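In case you want the letters, here they are:
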Amino acid sequence: MSKTAVYSWRVSPELKRRLESAAHEAGTSVGRILEVAAEAWLERDASPAAEEKSEQDRLRRAILAHAGAFTSGDRAGSSEVEGRVRERIATKIERRPHRAPARAD
């Protein structure tokens, strides 16, 4: 693959010295070290979309562990699902012990 794009950025003198030293010891160029480092970073760490997807998958699994089907045996029940779900939630909430709201002092 031919390289035609140029990218430049500022680095501290210490980082520049370390890169040049590492390149010399490895018998390669600073550009090659930076290219390998950038490729590794992109594959491993620069994937916020993958991290977000993995977090979304984790949340989805947690939610689905508590989800279930609502069956009533009533064929017309699908038109009444919202009301029935609200009733079930209200019943569950009523069974919980009530806690006094925290006071803000």
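In what follows, the structure referred to is the one given above.
Residues numbered from 1 in each chain as written. Predicted model: local features only at pLDDT ≥ 70, side-chain atom pairs only at ≥ 80, totals over all residues. Heavy atoms only, no water.

Visitor: Honestly, the overall build of the protein chain in this entry has me stumped. Any pointers?
Guide: The helix and strand tally for the protein chain stands at four helices and zero strands. Each helix and strand of the protein chain, placed in order from N terminus to C terminus, yields the pattern α-α-α-α. Burial status across the protein chain gives 5% buried among its 105 residues. Accessible surface for the protein chain amounts to roughly 10,100 Å². Of this, 55% is attributable to carbon and sulfur atoms. (Helix = DSSP H or I, 4+ residues; strand = E, 2+ residues; numbered from the N terminus. Buried < 20%, exposed > 50% of the residue type's maximum accessible area, 1.4 Å probe, protein only. Areas by Shrake-Rupley, 256 points an atom, 1.4 Å probe, with all protein chains shown as cover.)

Visitor: Would you mind showing me how to read a nonpolar patch on the surface here?
Guide: On the surface, Tyr7, Trp9, Val11 and Leu15 cluster together to form a nonpolar patch covering roughly 440 Å² of accessible area. In this structure, tyrosine 7 sits in the segment before helix 1 (13–26). By relative accessible area, which is 67% here, tyrosine 7 ends up exposed. (Patch = residues over 30% accessible without salt bridge, like charges linked within 9 Å, V, L, I, M, F, W, Y side chains within 5 Å. Salt bridge = Lys/Arg side-chain N within 4 Å of Asp/Glu carboxyl O.)

Visitor: Where do I start with the pattern of salt bridges in this structure?
Guide: Where charged atoms from two side chains of opposite charge come close, those side chains can pair. Throughout the structure, instances matching the rule amount to five salt bridges. For glutamate 14, the salt bridge goes to arginine 17, with nearest N and O atoms at 2.7 Å. Of this pair, glutamate 14 and arginine 17 both sit in helix 1, three residues apart, roughly one helical turn. Assessed through its relative accessible area of 45%, arginine 17 is described here as partly exposed. Arginine 58 serves as the salt-bridge partner of glutamate 55, at 2.8 Å between the closest nitrogen and oxygen. In this pair, glutamate 55 and arginine 58 both sit in helix 3 (residues 48–64), three residues apart, roughly one turn of the helix. A relative accessible area of 41% places arginine 58 in the partly exposed class.

Visitor: Would you explain the layout of surface pockets in this entry?
Guide: A water-sized probe, rolled over the atoms, reveals where empty space remains. Considering only enclosed or pocket space, the largest pocket measures out at about 330 Å³ in volume. Around the largest pocket, the lining residues are Lys3, Ala5, Val6, Tyr7, Trp9, Gly31, Leu34, Glu35 and Ala38. Here the residues of the lining of the largest pocket are counted per class, giving six nonpolar, one polar and two charged. (1 Å grid on protein atoms, 1.4 Å probe; cavity = no way out; pocket = protein on both sides within 12 Å on 5 of 7 lines; lining within 4 Å. Points joined across faces, edges and corners; volume = space filled by probe spheres on them. Nonpolar A, V, L, I, M, F, W, Y, C, P; charged D, E, K, R; others polar.)

Visitor: Just to check I follow, could you spell out the packing of helix 1 against helix 2 (residues 30–44) for this structure?
Guide: In contact at an axis separation of 8 Å, helix 1 and helix 2 are set at 100 degrees when each is read in the N-to-C sense. Looking at the two axes, helix 1 sits roughly perpendicular to helix 2. Between helix 1, through Leu19, Glu20, Ala22 and Ala23, and helix 2, the contact on the second element is made entirely by Val30, Ile33 and Leu34. In terms of residue class, the contact of helix 1 with helix 2 is made up of six nonpolar, no polar and one charged. (Axes fitted to C-alpha atoms, helices over the stretch in contact; angles between N-to-C directions. Parallel < 35°, antiparallel > 145°, perpendicular 65-115°, else oblique. Contact = heavy atoms within 4.5 Å.)

Visitor: Please clarify how the packing of aromatic side chains should be interpreted in this entry.
Guide: Considering all chains together, one arrives at one aromatic pair under this definition. Measuring from centroid to centroid gives 5.4 Å for tyrosine 7 and tryptophan 9, while their planes differ by 50 degrees, and the two rings are tilted. With a relative accessible area of 46%, tryptophan 9 lands in the partly exposed category. (Phe/Tyr/Trp six-rings, centres within 6.5 Å; stacked < 30°, edge-to-face > 60°.)

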